[in-house]
Amino acid sequence: MSYGIIAKTNGRNKVIDFRDGLVPARPDNYAMIHGKGGKDHAPISVIKIAVCDYSAGSGNSTTLFANIAPDVCEQIFEVCKRNVGTIVIDDNLLIFQELRAANKKLLKTADMQFNALNNILSVLNRIEKAEKVPGLTAIASGLGNLLGKTRDKVMAAAEEPARPACMTMATHTDFNHSQDRVHAQKKDAQGYAPVQRLNIFHTTYRKDGQLGNYSWTVKITNARAKVRVQPTGATTYDASSMKDVKEVFIQVSDADMFRMMSQVNRFIRVWEFAMAADLVRSGEAAREKERKEYLASRKAEDADDVGEIAEPEVA
């Protein structure tokens, strides 16, 4: 039996899969293509996520589900694409040329400062010869030797190294998607209702500063919490009141997430072409029919108005 699984990957004692939950719009909302939910629209069109954790052993697995909108799948796939390959930057870009020019100016400034110090030492030598100050020659000579050695070391280290034709660096883009769902219609007498939290995020570097091998994390949390209704009418929940908490997560590599999101987005495109063709044709036909009926009614109304105006007066 098929459950509409589009893509899946396994971790250590864990598995994640993405499933078909897409729903076409109603004929009168044909331009939306996907169902948007609510009483006036078809059920909301989603991609379903299932994460199963069987690390507790056979018969003790925990599987939780969450839904994401098709456009979120596209966002994730865009991040996946940005985490592939390396960036190549031409070394002759204007900003690099300006940095090299600024570096040369700094070298000239340093050279001028060394020359100024050399002139000071020369003046000290002249004073010593004119005034016969004991020890001044030795001091000036020692300072001169130190200055020369320091100058040679600094200027040698500041020489411009050989430049490659371009700069390369790995591409890294992080991402965070969080969503909360409150099933307020299932609220019990104590004011608690089922809630669901989904987090999908990409973290390039681990806490120890090293590149992570499994940069993607998908975490689903199910619980019960007290419902809150905002003044705007929006429904939220009190996170501090959460109870009966169940949580599963899985970490996925960049390669596996790219593969899964590529398959998911390809399926969405194929589904849209397959399902939307008849939907759009029938929707456009219904719209054209309504337009013609409207024009015909207006034409009949105009004809009646003309007849009333042309009717002769009775003596």
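1. What to know about the overall build of the protein chain
- Helix and strand counts for the protein chain come out as four helices and 11 strands.
- Across the 315 residues that make up the protein chain, the buried fraction comes to 29%.
- Considering only intrachain contacts with a sequence separation of at least 6, the fraction spanning at least 24 residues in the protein chain is 63%.

2. Observations regarding the sheet that holds strand β3 (residues 46–53)
- Strand order in the open sheet formed by four strands is β1-β2-β3-β4, and the pairing between neighbours is antiparallel. Here the strands that pair on one side only, and so sit at the sheet edges, are β1 (5–11) and β4 (62–68). Going across the sheet, the axis of each strand differs from the next one's by a mean of 15°, ignoring polarity.
- In terms of strand pairing, β1 meets strand β2 (residues 14–21) through six bridges, oriented antiparallel. By the bridge assignment for β2, N10 is matched with V15.

3. Regarding a nonpolar patch on the surface
- Together, L93, I95 and L99 give the surface a local cluster of nonpolar side chains, amounting to about 290 Å² of exposed area.
- Examined against the element boundaries, I95 turns out to sit in helix α2 (residues 94–131).

4. Here's the deal with the side chain of Q196
- Within the fold, Q196 resides in strand β8 (residues 192–202).
- Within the structure, the side chain of Q196 is placed 2.5 Å from the backbone oxygen of F65, a separation counted as a polar contact.
- If near-sequence neighbours (up to four positions away) are discounted, Q196 is found in contact with F65, A66, N67, Q179, D180, R181, I220, T221 and N222.

5. Structural notes on the packing of aromatic side chains
- Inspection of every chain in the model, using the stated rule, returns two aromatic pairs.
- With 6.1 Å between their ring centres and 50° between their planes, F175 and W216 make a pair best called tilted. Of this pair, F175 sits in strand β7 (residues 175–182) while W216 sits in strand β9 (residues 216–229), placing them 41 residues apart in sequence. Accessibility classification places F175 together with W216 in one group, the buried group.

6. Details of unusual backbone geometry
- If you check the backbone angles, I33 has positive phi at about 65° while not being a glycine.
- By the element assignment, I33 lies in the loop between β2 and β3.
- One non-glycine residue with positive phi stands out, namely D244, at about 50°.
- Along the chain, D244 turns up in strand β11 (residues 243–252).

7. Considering the environment of T203
- Checked against the element boundaries, T203 lands in the loop between β8 and β9.
- Every residue in contact with T203, bar those within four places of it in the chain, is listed here: D174 and S215.

8. What about the side chain of T221?
- Turning to its location among the elements, T221 is positioned in strand β9.
- Given a relative accessible area of 7%, T221 falls into the buried group.
- Setting aside anything within four residues of it in sequence, one finds T221 in contact with V195, Q196, R197, M242, V245, K246 and E247.

9. Observations concerning the pattern of salt bridges
- Counting across every chain of the model gives 10 salt bridges.
- Salt-bridge contacts for R206 lead to D208; the nearest nitrogen and oxygen are separated by 3.0 Å.
- Take R206: its relative accessible area is 42%, and that puts it in the partly exposed class.

10. Comments concerning a negative patch on the surface
- Together, D28, D40, E290 and E293 line one region of the surface with negative charge.
- Mapped onto the elements of the fold, D40 is located in the loop between β2 and β3.

11. Brief notes about helix α1 (residues 70–82)
- Helix length check: α1 (13 residues) gives 19 Å between terminal C-alpha atoms against 18 Å at 1.5 Å per residue, within 8%.
- For α1, the set of buried residues is P70, V72, C73, I76, F77, V79 and C80.

12. Topic: the environment of W216
- The exposure class assigned to W216 is buried, which follows from its relative accessible area of 0%.
- Considered as a pair, W216 and D256 are 40 residues apart in the sequence and their alpha carbons are 9.4 Å apart.
- A polar contact is formed between the side chain of W216 and the side chain of D254, at a distance of 3.2 Å.

13. A closer look at the environment of Q263
- As for its placement among the helices and strands, Q263 is situated in helix α4 (residues 254–310).
- Taking the C-alpha atoms as reference points, Q263 and K8, separated by 255 residues in sequence, lie 9.8 Å from one another.
- Sequence-distant contacts of Q263, defined by excluding residues within four places in its chain, comprise I6 and A7.

Here is what the cut-offs are and how they apply
- Residues numbered from 1 in each chain as written.
- Predicted model: local features only at pLDDT ≥ 70, side-chain atom pairs only at ≥ 80, totals over all residues.
- Heavy atoms only, no water.
- Helix = DSSP H or I, 4+ residues; strand = E, 2+ residues; numbered from the N terminus.
- Buried < 20%, exposed > 50% of the residue type's maximum accessible area, 1.4 Å probe, protein only.
- Contact = heavy atoms within 4.5 Å.
- Pairing = 2+ DSSP bridges.
- Axes fitted to C-alpha atoms, helices over the stretch in contact; angles between N-to-C directions.
- Patch = residues over 30% accessible without salt bridge, like charges linked within 9 Å, V, L, I, M, F, W, Y side chains within 5 Å.
- Areas by Shrake-Rupley, 256 points an atom, 1.4 Å probe, with all protein chains shown as cover.
- Salt bridge = Lys/Arg side-chain N within 4 Å of Asp/Glu carboxyl O.
- Polar contact = N/O pair within 3.5 Å; in protein donor to acceptor, adjacent residues only side chain to side chain.
- Phe/Tyr/Trp six-rings, centres within 6.5 Å; stacked < 30°, edge-to-face > 60°.
- Lys, Arg positive; Asp, Glu negative; His and termini not counted.
- Charge placed at Lys NZ, Arg CZ, Asp CG, Glu CD.
- Expected span 1.5 Å × (residues − 1).

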